[in-house]
Amino acid sequence: MEEQSRQSQAEYVAIERALCFTIKKPGQDLLSFKFTSISEKNPKEVCKVTLNISSSNYSFAECRPTINKAEEHLAQLNESRDILEFLVSMRQGFQDFYRSAC
């Protein structure tokens, strides 16, 4: 069991590195997603979304930087419950933010 846990942890770390993405639980009812390699000029720049998941409709506890259509993406998540779709749309929104800032 312990060996399987170590292997799962190693796989999780490899996936995080490959996707330039981490998931953390910073507190009760909070889920945080950090994205890197978003900005071509500064790949180490961190974009962060923290969701309050205490009710059936999620809300933003944090979204940094603030991006266009973030509320629309959140509304779609609350409707569809498709977290992958939400994360892809947020990553795209962060990329658009940095492209327009250039």
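Residues numbered from 1 in each chain as written. Predicted model: local features only at pLDDT ≥ 70, side-chain atom pairs only at ≥ 80, totals over all residues. Heavy atoms only, no water.

The name recorded for the protein in an unreviewed UniProt entry is Kinetochore-associated Ndc80 complex subunit spc25, from Entomophthora muscae.

J.: Outline the pattern of salt bridges, listing residues and values.
T.: Within this structure, the stated rule accounts for three salt bridges. A salt bridge links Arg64 to Glu62; its shortest N-O distance comes to 2.8 Å. Across the pair Asp96 and Arg99 runs a salt bridge, and its minimum N-O distance is 2.9 Å. Of this pair, Asp96 and Arg99 both sit in helix H3 (residues 83-101), three residues apart, which is roughly one turn of the helix. Residue Asp96 is classed as partly exposed on the basis of its relative accessible area of 39%. (Salt bridge = Lys/Arg side-chain N within 4 Å of Asp/Glu carboxyl O. Helix = DSSP H or I, 4+ residues; strand = E, 2+ residues; numbered from the N terminus. Buried < 20%, exposed > 50% of the residue type's maximum accessible area, 1.4 Å probe, protein only.)

J.: Tell me about the nonpolar core, and name the residues and values.
T.: In this structure, Phe35, Val49, Leu51, Cys63, Phe86, Met90 and Phe94 are the most contacted members of the largest nonpolar core, which totals 17 residues. Elements represented by at least two residues in this core include exactly strand E2 (30-35), strand E3 (47-52), helix H2 (70-80) and H3. The biggest single contributor to this core is H3, with five residues. Among residues more than four places away in sequence, those in contact with Phe86 are Val49, Leu51, Phe60, His73, Leu74 and Leu77. (Core = buried A, V, L, I, M, F, W, Y, C linked by side-chain atoms within 4.5 Å. Contact = heavy atoms within 4.5 Å.)

J.: So what's going on with the layout of surface pockets? Which residues, and what values?
T.: Gaps left between atoms show up when a probe the size of a water molecule is rolled over them. Looking at the largest pocket, its volume works out to about 170 Å³. Along the walls of the largest pocket sit Thr66, Ile67, Asn68, Lys69, His73, Ser89, Gln92, Gly93, Asp96, Phe97 and Ser100, which together make up its complete lining. Examining the composition of the lining of the largest pocket, we find that six residues originate from one element, H3, more than from any other. (1 Å grid on protein atoms, 1.4 Å probe; cavity = no way out; pocket = protein on both sides within 12 Å on 5 of 7 lines; lining within 4 Å. Points joined across faces, edges and corners; volume = space filled by probe spheres on them.)

J.: Any details on the pairing of strand E1 (residues 21-27)? Residues and values, ideally.
T.: As paired strands, E1 and E2 are joined by five bridges and run antiparallel to one another. Counterpart to Lys24 in the pairing with E2 is Ser32. Taken together, E1 and the strand that follows it, E2, pair antiparallel across an intervening segment of two residues, in which Asp29 is found at a positive phi of about 65°. (Pairing = 2+ DSSP bridges.)

J.: So what's going on with helix H1 (residues 2-19)? Which residues, and what values?
T.: When the terminal C-alpha atoms of H1 are compared, their 26 Å separation across 18 residues agrees well with the 26 Å that a helix rising 1.5 Å per residue should span. Backbone geometry just after H1 places Cys20 at a positive phi near 55°. (Expected span 1.5 Å × (residues − 1).)

J.: Can you explain the side chain of Thr50? Please cite residues and give values.
T.: As for its placement among the helices and strands, Thr50 is situated in strand E3. Residue Thr50 is classed as buried on the basis of its relative accessible area, which comes to 5%. Within the local environment of Thr50, its side chain forms a polar contact with the side chain of Ser32, the two groups lying 3.3 Å apart. For Thr50, the residues in contact, after removing those within four places along its chain, are Pro26, Leu30, Leu31, Ser32, Ser59, Phe60, Ala61 and Glu62. (Polar contact = N/O pair within 3.5 Å; in protein donor to acceptor, adjacent residues only side chain to side chain.)

J.: Any details on the packing of aromatic side chains? Residues and values, ideally.
T.: What the rule picks out here adds up to five aromatic pairs. For the pair Phe21 and Phe33, a centre-to-centre distance of 6.1 Å together with 15° between the ring planes defines the contact as stacked. Taken together, the residues Phe21 in strand E1 and Phe33 in strand E2 connect sequence positions twelve residues apart. Here Phe21 and Phe33 have matching classes, each one buried. Ring geometry for Phe97 versus Tyr98: centroids 5.1 Å apart, planes at 90°, classification edge-to-face. One aromatic cluster in this structure is built from Phe21, Phe33, Phe35 and Phe94. (Phe/Tyr/Trp six-rings, centres within 6.5 Å; stacked < 30°, edge-to-face > 60°.)

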